[in-house]
Number of protein chains: 2
Amino acid sequence: FMKRTQRIITITKLLSDNPNKIFPLTYFSTLLGSAKSSISEDLKIISSSFSESNLGFIKTSYGSGGGVKYIPHIDKKEALDKLQKTCELLKDNSRILGNGFVYTSDIMFDPRIIDSSAHIFASLFNEHDADLVVTLETKGIPVALLTARLLSLPLVVIRRESKISEGSTLSINYFSGTNQQAQKMSLSKRAVTAGTKAIVIDDFMRAGGSIRGIHEILEEFNVKVVATGVVIASTSPEKKKVNDFIPLTYLKNVDADNKITEIEPNLKCLESL
Amino acid sequence: FMKRTQRIITITKLLSDNPNKIFPLTYFSTLLGSAKSSISEDLKIISSSFSESNLGFIKTSYGSGGGVKYIPHIDKKEALDKLQKTCELLKDNSRILGNGFVYTSDIMFDPRIIDSSAHIFASLFNEHDADLVVTLETKGIPVALLTARLLSLPLVVIRRESKISEGSTLSINYFSGTNQQAQKMSLSKRAVTAGTKAIVIDDFMRAGGSIRGIHEILEEFNVKVVATGVVIASTSPEKKKVNDFIPLTYLKNVDADNKITEIEPNLKCLESL
């Protein structure tokens, strides 16, 4: 009894720590000194417990290259609950800056808060069979990194300036912000491979200039964007510079005079969970 | 039997997913519909399995504010193994750029690689009772974020330019790089609280100008640095601008002509694991 329980605890821990990583069954049988048949039985028990307790999925595939992996999944109810909590934090009127901006850095950089957004992106995009996650520095890096971690993918960060430590880079100019300021973004030629598929993640979208820039620079590298997610999308302007993107929340209004921020979860994106 | 096993799987998963987060025992007893005494027994089994299999520690505290948490810990042997693998990746001679720099961005941004460095930092600094993790944008953000995640702390990112969305900021000038270039770093006044304790994490240190700048800007905010960790420290120059810091690896030489990079794990930092 104890031996099985200890095996189950060890396997559950290692699978949970390494989402979407495939472990060959021989890995566990060697590590735990048990027959593959015992490991298979353990995995059945773990798998059914994960399903019953809404902890995500344990998927086993057989044959060469086969093995077991844990696929993270957040259900609709929990996702809504987490997004509502994030919106409550964002509504705090002390966040409204004099210029009408809302201070979000502490939330975007706090792994204890932003990991739930990453879980939603990972749940929505798990079946897209992407090769990499891409973001533009800086505030989108944490949520993009945590999404990449859950999908077991590398993260590629597009820089604003081309850095000496990036080797040769390709740069584009784009227009962003309310004032349509000209800006630059720059990607190392070593960072991506032609023909791969990318998930684009960012913290915030207003008109979509930055996201459009990311799509354009990836196109230059012949990288296909299979999904785009942003944590917060402003509802204005209504017309965005990109078509397909999934916002987790909508920022509807910031009333700097009366100190009221209207922001709410995007219920539509939760439907498919 | 199945009921206990399912409880154990659920608790193991939730603890693993939320390192250093305290769960009151009532949380699990409510979630799983079991008596607190059963949950206590489950935790004893989980705790001894974690210890026996080197999965980290399960710590239970009683009384008000009490509960159970999972403390990540990587042992010396595994830490050395992971650092050696990272060094092997870095030694790849195609990483040497024309200017003598080594391309590290793909490694620093890959959660599947850099999470092991974060585990080592978290294991080394878990007892420092810090309130926040601090880094300077950009390449140190992933390892700093993953360390913050393991320690259940917020991350604060010092920016190079003061951004309009950061509110009022404090900036300092510092000198960094081989050419002692004057540079600026900038921290939002909202980002930190006076009297708190910070762990500073960065990807790379040569002379230590940036790290010294981080220490100085934190001092301006009356934030105390309790530990500093860098993934790679160059052995030259021998004299650094900061005294107390822990490098996970030492970059000893980059021979651009013969395409040889000498880099090795810092064995001394592993001794206390």
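Please refer to the structure placed before this passage.
These numbers come from a predicted model, not from an experiment.

## A short note on the packing of aromatic side chains
Line of reasoning, step 1. Going through the model one piece at a time under the given rule, you end up with 10 aromatic pairs over all chains.
Line of reasoning, step 2. When the centroid spacing of 5.3 Å and the interplanar angle of 50 degrees are considered together, the rings of Phe 23 of chain A and Tyr 27 of chain A count as tilted.
Line of reasoning, step 3. Geometrically, the ring pair formed by Phe 50 of chain B and Tyr 70 of chain B is edge-to-face, given 5.7 Å between the ring centres and 70 degrees between the ring planes. Note that Phe 50 of chain B is positioned in helix 3 (residues 36–52) and Tyr 70 of chain B in strand 2 (residues 67–71), a separation of 20 residues in sequence.
Line of reasoning, step 4. By the ring-pair criterion, three or more aromatic residues cluster together here, those being Phe 23, Tyr 27 and Phe 28 of chain A.

## Quick word on the pattern of salt bridges
Line of reasoning, step 1. Throughout the structure, instances matching the rule amount to 26 salt bridges over all chains.
Line of reasoning, step 2. A salt bridge links Glu 41 of chain B to Arg 4 of chain B, with the nearest nitrogen and oxygen atoms 3.3 Å apart. A residue pair is termed long-range when its members are at least 10 positions apart, and Glu 41 of chain B in helix 3 and Arg 4 of chain B in helix 1 (residues 2–17) qualify at 37 residues.
Line of reasoning, step 3. Taking the relative accessible area as the measure of exposure, Glu 41 of chain B reaches 42% and is therefore partly exposed.
Line of reasoning, step 4. Of the charged contacts in the structure, one is a salt bridge between Arg 159 of chain B and Glu 137 of chain B, with a shortest N-O distance of 3.3 Å. With Arg 159 of chain B in the loop between strand 4 (155–158) and strand 5 (169–176) and Glu 137 of chain B in the loop between strand 3 (132–136) and helix 7 (141–151), this residue pair connects regions lying 22 residues apart in the sequence. Assigned by exposure class, Arg 159 of chain B and Glu 137 of chain B land together as buried.
Line of reasoning, step 5. Through salt bridges with shared partners, a single ionic network connects Arg 4, Arg 7, Glu 41 and Asp 42 of chain A.

## Remarks on the pairing of strand 9 (residues 246–255) of chain B
All names here are of chain B.
Line of reasoning, step 1. In the sheet, strand 8 (residues 224–234) pairs with strand 9 via five bridges, with the strands oriented parallel. Counterpart to Ala 233 in the pairing with strand 9 is Tyr 250.
Line of reasoning, step 2. Sheet topology note: the strand 9/strand 10 (residues 260–265) ladder contains six bridges and is antiparallel. Of the residues in strand 10, the one forming a bridge with Val 254 is Thr 261.
Line of reasoning, step 3. Hairpin connection from strand 9 to strand 10: four residues lie between these consecutive antiparallel strands, with Lys 259 at a positive phi of about 55 degrees.

The rules behind these values
Residues numbered from 1 in each chain as written. Chains lettered and ligands numbered in written order. Predicted model: local features only at pLDDT ≥ 70, side-chain atom pairs only at ≥ 80, totals over all residues. Heavy atoms only, no water. Phe/Tyr/Trp six-rings, centres within 6.5 Å; stacked < 30°, edge-to-face > 60°. Helix = DSSP H or I, 4+ residues; strand = E, 2+ residues; numbered from the N terminus. Salt bridge = Lys/Arg side-chain N within 4 Å of Asp/Glu carboxyl O. Buried < 20%, exposed > 50% of the residue type's maximum accessible area, 1.4 Å probe, protein only. Pairing = 2+ DSSP bridges.

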